Amino acid sequence: MDELQENPQYAGRALPQAIEAEIYLLGGLIQDPTSLDDVVGAHSVEADDFSQKKHRQIWEAIVRLYDKSTPIDLVTLAAELERENKLNDVGGREYLIHLVDSIPSAANAMFHAELLREKSLLRRLIAISNETIRNAQDPAAVSQDVLQKTESEVFALAEKRVRDSLHPIETFLAPLLQKIQNRKEGVTGVPTGFTDLDELTGGLQRSDLIILAGRPGMGKTAFALSLAANSAIDYGQKVAFFSLEMSGDQLVQRVLSARAQVDNFKLRSGKLNRDEMSKIQLACEPLAQSHFYVDDNSDLGLSELMSKTRKLKSQQGLDLIVLDYLQLMRTGNEESRSVAIGNISRGLKILAKDLQVPIIALAQLSRKAEEKGRDRPQLSDLRESGSIEQDADMVWFVERPFYRTHDESQKNLAQLLVAKHRNGSVADIDMVFRPEFTCFYNALKEDEMGGDGFGDAYMGASDFGGGDFDNGGGF
């Protein structure tokens, strides 16, 4: 933060700092190095937290000795600084002795470390604010870009402020058991509830941007909602679903229809018998207890999405973001639609990396995907921007052959085509689609049903008498 001291804006005004706390902390650690475990761990003090250069250099030397398990005292510290040709820079052995003599004991090291961090955070806030002013004054500045950069930096700063706390052991048990179960099943990321997809990907990995694409009517929203509900309800993940096309009521209605296995039309019309009403009521309880968040703002921009998800991550935690759909997001004043969509896809990838959560963004395909003689979509069919394919870690296509053949025997057949997988292989994953529930399920295997193939397996389970359908399968 030395550059702040040289800025004319701050002439005559002292930056937030706690020089005495820096002296007392360093002197205390030289006296009693056992306090270093707590300072490095719980308080996460870093070199940049010290406002004076010589104190940063002394701290770095102490940490190097600590990392090498070398005893820390005046002799070893002076030798380490001399080895780095920095002993004279910090004031020589005389200054190290002054640090030790300045404090009677290291008893208050934790207090001094916390005060040090507090002042450091205030200085960083000033630096971010100063940079924001410079960026906003640029004649070529775009408000959305400036806001996005500032939000990202402030959020990162707020994350660093969070401290670990002491918790009873029971708070660790449920998440640990879930992790053990996921590892047993080969799932290291966010589980989707779709067995073959989880096996292929190991679950949705942190910082991945996944594009889920298809022509209208293929069931993109239904699949995304199925996956999101699986993760939130069945696996306890914290999921945020942003819908620019459907209302929150419509989304929740679809979830209830699928979870209760009650016809969606009957649910919309209210023509439910007693048994169906009972199923709906039973389905409500786990949904209400889940961490499933829905935002149905139809005028959502990238900056607003970033702000909302960062706030949710910091306050409640967040494991998965679903956006339905990318091309409906509000754009800026870019010179072309292609550039605007490209900016959104890049922004989503940046957000996924910043928050360390996977993002599934739905996208429309161009009409080329419907051309006669083509039986499956291609990556080049992604509508309006080649940046979508470039930014994505995975690209999925939802495909239902019934829409091409109009063959009633294929009405419930579906596939998820994994067309791009940056960190793994591609595959075609068989699924079942139930239009009355607007929901996707795992396809039963031949050995599970004793059938000859996908269609036979599905027909054998169509009455939901067993297999994946009883426990929701894919939903």
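Check the entry above for the structure.
Residues numbered from 1 in each chain as written. Predicted model: local features only at pLDDT ≥ 70, side-chain atom pairs only at ≥ 80, totals over all residues. Heavy atoms only, no water.

Asks: A description of the overall build of the chain should follow, citing residues and the corresponding values.
Replies: Helices and strands together make up the secondary structure of the chain, namely 20 helices and 9 strands. Counted over contacts in the chain with a minimum sequence separation of 6, partners at least 24 positions apart contribute 69%. Accessible area for the chain stands at about 23400 Å²; split by element, carbon and sulfur atoms hold 49% of it. (Helix = DSSP H or I, 4+ residues; strand = E, 2+ residues; numbered from the N terminus. Contact = heavy atoms within 4.5 Å. Areas by Shrake-Rupley, 256 points an atom, 1.4 Å probe, with all protein chains shown as cover.)

Asks: I'd like a description of the sheet that holds strand β9 (residues 439-442), backed by residues and values.
Replies: Taking strand neighbours across the sheet as the criterion, the 9 strands line up as β3-β2-β4-β5-β1-β6-β7-β8-β9 in an open arrangement whose pairing is mixed. The sheet is open, and its two borders are formed by β3 (292-295) and β9, each paired with just one other strand. Taken pair by pair, the neighbouring strands of this sheet meet at an average axis angle of 25°, ignoring direction. The sheet contact formed by strand β2 (residues 239-243) and strand β4 (residues 320-324) spans 5 bridges and is parallel. Along β4, the bridge assignment pairs Ser243 with Asp324. (Pairing = 2+ DSSP bridges. Axes fitted to C-alpha atoms, helices over the stretch in contact; angles between N-to-C directions.)

Asks: Describe the packing of helix α2 (residues 19-31) against helix α6 (residues 92-101), listing the residues and the values that go with them.
Replies: Between α2 and α6, whose axes approach to 7 Å, the crossing angle comes to 90°. Taken together, the axis directions place α2 and α6 in an arrangement best described as roughly perpendicular. Of the residues in α6, those in contact with Ile23, Leu26, Gly27, Ile30 and Gln31 of α2 are Tyr95, Leu99 and Val100. (Parallel < 35°, antiparallel > 145°, perpendicular 65-115°, else oblique.)

Asks: So what's going on with the nonpolar core? Residues and values would help.
Replies: Counting residues in each nonpolar core, the largest one holds 44 residues, and the members touching the most others are Phe223, Phe292, Ile360 and Trp396. The greatest single-element share of this core, amounting to 9 residues, is contributed by helix α11 (residues 220-235). Ile360 has contacts with Leu204, Ile210, Leu212, Leu227, Leu320, Ile321, Val322, Leu323 and Trp396, leaving out every residue within four places of it along the chain. One finds Leu305, Leu326, Leu348 and Ile359 within the second-largest nonpolar core, a separate group that totals 34 residues. (Core = buried A, V, L, I, M, F, W, Y, C linked by side-chain atoms within 4.5 Å. Buried < 20%, exposed > 50% of the residue type's maximum accessible area, 1.4 Å probe, protein only.)

Asks: An account of the packing of aromatic side chains is needed here, citing residue identities and associated values.
Replies: Across all of its chains, the model carries 5 aromatic pairs by this definition. With centroids separated by 5.5 Å and ring planes inclined at 35°, the aromatic side chains of Phe50 and Trp59 adopt a geometry described as tilted. An identical accessibility class is assigned to Phe50 and Trp59; each is buried. With centroids separated by 5.6 Å and ring planes inclined at 90°, the aromatic side chains of Phe223 and Phe440 adopt a geometry described as edge-to-face. Here Phe440 lies in strand β9 and Phe223 lies in helix α11, a separation of 217 residues in the sequence. The class of Phe223 is buried, set by a relative accessible area of 0%. Aromatic rings pair up to connect Phe194, Phe223, Trp396, Phe433 and Phe440 into one cluster. Sitting over the face of the ring of Tyr95, Lys54 holds its NZ or CZ atom 4.0 Å from the ring centroid. (Phe/Tyr/Trp six-rings, centres within 6.5 Å; stacked < 30°, edge-to-face > 60°. Lys NZ or Arg CZ within 6 Å of the ring centre and 35° of its normal.)

Asks: Residues and numbers for the pattern of salt bridges, please.
Replies: If you walk through the whole model with that rule in mind, you get 16 salt bridges. With its nearest N and O atoms 2.8 Å apart, the salt bridge here joins Lys149 to Glu131. Of this pair, Lys149 sits in helix α8 (residues 143-161) while Glu131 sits in helix α7 (residues 109-137), and the two are 18 residues apart along the sequence. On the accessibility criterion, Glu131 (23% relative accessible area) is partly exposed. A salt bridge links Arg310 to Asp354; its shortest N-O distance comes to 3.2 Å. Within this pair, whereas Arg310 is found in helix α15 (residues 302-315), its partner Asp354 is found in helix α16 (residues 337-355), the two being separated by 44 residues in sequence. Note on Arg310: relative accessible area 4%, which makes it buried. (Salt bridge = Lys/Arg side-chain N within 4 Å of Asp/Glu carboxyl O.)

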